[in-house]
Amino acid sequence: MITFLLIQQLLVLFLIMGCGYFLVKIHLVQSQESQTLSVLTLYLIMPCVIINAFQIEYSDEIRDGFLLALLAAISIHILLFLLTWILDRFFHFQAVEKASIIYSNAGNLIIPLVAGVLGAEWEIYASAFMCVQMIVLWTHGQSLMQGTSSVNWKKILCNVNLIAIIVGAFLFFAKISLPAVLADTLNSLASTIGPISMLVLGMLLADVSWRNVFLGKRIYLITLLKMIVLPGMILLFLRFLSHTVPTAHARTILLISLLAVITPSATTVTQMAQIYSQDAPYASTINVMTTILCIVTMPLMVTLYLL
């Protein structure tokens, strides 16, 4: 049942993505105009999504589940670093390839997928993964793309989404509910994250050179590792963990962690590649390929997890 709902939700998001692609192709909008929507998503909608996810009634059960999701997210990133380091001994990854394998597009996809498949009350557990990935991405990920070991702590601490996580967590643990008008405003804005994110992606895909996407040989290896091999290993770890922790609904909470891992490569990697003079077209190509294949690989991984 969950796999069917996931496929259905993915199809909805892909149809929305097709709308963005179509609008560019018929010259009603330009691909570059997606930048405005990206800014709205990053600085307005995503913070609303995060705070709204924490606006549920406090309970010890939910608190324990959130802490489990946080522990799972940290463990997953440690495993991803370890596995990538081992594979790098054989395949000699570029910086763009490493970042694309490790970091997923959970920020844009996980909340709408969780809401559509499991329900809005489960979104708080997705926020735990987003919190961990955001911190790691702007420390390790940024250093990797820069080719240095320096870390921009100011950029991390001033990140609007990290601030939203801190605010949302404070409200949750302090058992503070926002006024009805403000809560409804946050909920309304949060509900647009899926459609707007997919419209942006569709608009960007309209300018992609599909010949480069499918003719590159190396990209198939990176896509296989990102969407099948590493998620498969994480899946085994999460299945083991789900049988060993006493937390209520552990299996479903860890399923959410798995959903975050098996999303396509992060669009932020492409943005960083542009900023730090890495191979941005290649990063974009990896993002496109993993996005195309996720409609097959994500339901497959979920089915294997639920067996």
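A brief look at the structure comes next.

### Considering the packing of aromatic side chains
Then comes step 1: Enumeration according to the criterion identifies 8 aromatic pairs in this entry.
Then comes step 2: Here Y58 and F172 contribute two aromatic rings whose centre-to-centre distance is 5.1 Å and whose plane-to-plane angle is 45°, an arrangement assigned as tilted. Taken together, the residues span a long stretch of sequence, with Y58 in the loop between α2 (34–53) and α3 (60–91) and F172 in helix α8 (residues 160–173) at a distance of 114 residues.
Then comes step 3: Classification of F172 by relative accessible area gives buried; the value is 2%.
Then comes step 4: An aromatic cluster is present here, built from F54, Y58, F66, F172 and F173 joined pairwise through their rings.

### Section: α2
Then comes step 1: T41 marks where α2 bends most, by close to 40°.
Then comes step 2: Those residues of α2 that sit buried are S34, T41, I45, M46, P47, C48, V49, I50, I51, N52 and A53.
Then comes step 3: Along its buried surface, α2 packs onto α5 (106–117), α6 (123–146), α8, α9 (180–190) and α10 (193–205).

### Re empty space enclosed by the protein
Then comes step 1: Under the counting rule described, the total for this entry stands at 1 cavity of 30 Å³ or more.
Then comes step 2: Approximately 30 Å³ is the volume attributed to the largest cavity.
Then comes step 3: What lines the largest cavity is L80, I101, I102, K226, L230, P231 and V261.
Then comes step 4: Put simply, the parts of the chain that give the lining of the largest cavity at least two residues each are α4 (95–102) and α12 (218–244).
Then comes step 5: Broken down by element, the residue count for the lining of the largest cavity peaks at 3 residues, all from α12.
Then comes step 6: Here the residues of the lining of the largest cavity sort into 6 nonpolar, no polar and 1 charged.

The rules we used
- Residues numbered from 1 in each chain as written.
- Predicted model: local features only at pLDDT ≥ 70, side-chain atom pairs only at ≥ 80, totals over all residues.
- Heavy atoms only, no water.
- Phe/Tyr/Trp six-rings, centres within 6.5 Å; stacked < 30°, edge-to-face > 60°.
- Helix = DSSP H or I, 4+ residues; strand = E, 2+ residues; numbered from the N terminus.
- Buried < 20%, exposed > 50% of the residue type's maximum accessible area, 1.4 Å probe, protein only.
- Bend = angle between axes of the 7 residues up to and from the residue.
- Contact = heavy atoms within 4.5 Å.
- 1 Å grid on protein atoms, 1.4 Å probe; cavity = no way out; pocket = protein on both sides within 12 Å on 5 of 7 lines; lining within 4 Å.
- Points joined across faces, edges and corners; volume = space filled by probe spheres on them.
- Nonpolar A, V, L, I, M, F, W, Y, C, P; charged D, E, K, R; others polar.

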